[in-house]
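Understanding the architecture of this molecule
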Amino acid sequence: MKNPKAPQSLGVGAFNLVKRSAYEQIGTHAAFSYNTTDDATLGKRIKQAGCHQDAAYGTRMIAVWNWYESLGQLIGSVEKSVFSFRNALPTSLSCILTMLYPWAGLLYRSGGAPFSNL
């Protein structure tokens, strides 16, 4: 993403640091206010506008504490990201595989009746 000719861009939630001039050049968040992946869209629009973009590996240099103050906030955030249109099919498949498949394996193990050895 450092290469201005490369299509890759990056935008990650609370860790976007953008110059005001670049932010205003892309139209601020008003230009994509209903986008559920606004952080990634911010990075993409910065790159498309020809502004300089870079990333830093900031282990032990920066952190976010109390990202969510309640379970409801966490669920709302996950719903916002997970159920965006372009992620609907992959997310649905992931949910089925990670949430339902283990139960199916528990109930229908190969070579035996459900719960036969419990």
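In this report, the structure presented in the accompanying data block is examined. Treat the numbers as computed from the prediction; the structure is a model and nothing was measured.

Side note on the overall build of the protein
Each helix and strand counted, the protein has four helices and zero strands in total. Going from N to C terminus, the protein has its helices and strands arranged as α-α-α-α. Restricting to contacts in the protein with at least 6 residues of sequence separation, those with at least 24 account for 56%. Only carbon and sulfur atoms are counted for the fraction: they give 61% of the accessible area of the protein, which is about 9600 Å².

Details of a nonpolar patch on the surface
A cluster of nonpolar side chains, contributed by Leu10, Val12, Phe15, Met61, Ile62, Val64, Trp67, Tyr68, Leu71, Leu74 and Ile75, occupies part of the molecular surface with about 1000 Å² of accessible area. Structurally, Val64 is set in the loop between helix 2 (38–48) and helix 3 (71–82). The partly exposed category is assigned to Val64, whose relative accessible area is 33%.

Focus on the pattern of salt bridges
Taken as a whole and judged by the stated rule, the model has two salt bridges. Residue Lys2 is joined to Asp54 by a salt bridge in which the shortest nitrogen-to-oxygen separation is 3.6 Å. Of this pair, Lys2 sits in the segment before helix 1 (20–25) while Asp54 sits in the loop between helix 2 and helix 3, and the two are 52 residues apart along the sequence. Residue classification places Lys2 among the exposed positions, given a relative accessible area of 54%. The partly exposed category is assigned to Asp54, whose relative accessible area is 44%. The salt bridge involving Glu24 is made with Arg20; its shortest N-O contact spans 2.8 Å. Separated by four residues within a single helix, Glu24 and Arg20 lie in helix 1, roughly one turn from each other. The class for Glu24 is partly exposed, based on a relative accessible area of 43%. Overall, Arg20 belongs to the exposed group, its relative accessible area being 64%.

Description of the environment of Gln25
Looking at the secondary structure, you find Gln25 in helix 1. Remark: the alpha-carbon pair of Gln25 and Ile46, spanning 21 residues in sequence, is separated by 8.5 Å. If near-sequence neighbours (up to four positions away) are discounted, Gln25 is found in contact with Ala49 and Cys51. Among the polar contacts listed, one links the side chain of Gln25 to the backbone oxygen of Ala49, at a separation of 3.3 Å.

Here's the deal with the side chain of Lys47
Position of Lys47 among the secondary structure elements: in helix 2. For the buried residue Lys47, which engages in no salt bridge, the nearest side chain bearing the opposite charge is Asp54, 9.6 Å off.

Calculation notes
- Residues numbered from 1 in each chain as written.
- Predicted model: local features only at pLDDT ≥ 70, side-chain atom pairs only at ≥ 80, totals over all residues.
- Heavy atoms only, no water.
- Helix = DSSP H or I, 4+ residues; strand = E, 2+ residues; numbered from the N terminus.
- Contact = heavy atoms within 4.5 Å.
- Areas by Shrake-Rupley, 256 points an atom, 1.4 Å probe, with all protein chains shown as cover.
- Patch = residues over 30% accessible without salt bridge, like charges linked within 9 Å, V, L, I, M, F, W, Y side chains within 5 Å.
- Salt bridge = Lys/Arg side-chain N within 4 Å of Asp/Glu carboxyl O.
- Buried < 20%, exposed > 50% of the residue type's maximum accessible area, 1.4 Å probe, protein only.
- Polar contact = N/O pair within 3.5 Å; in protein donor to acceptor, adjacent residues only side chain to side chain.
- Lys, Arg positive; Asp, Glu negative; His and termini not counted.

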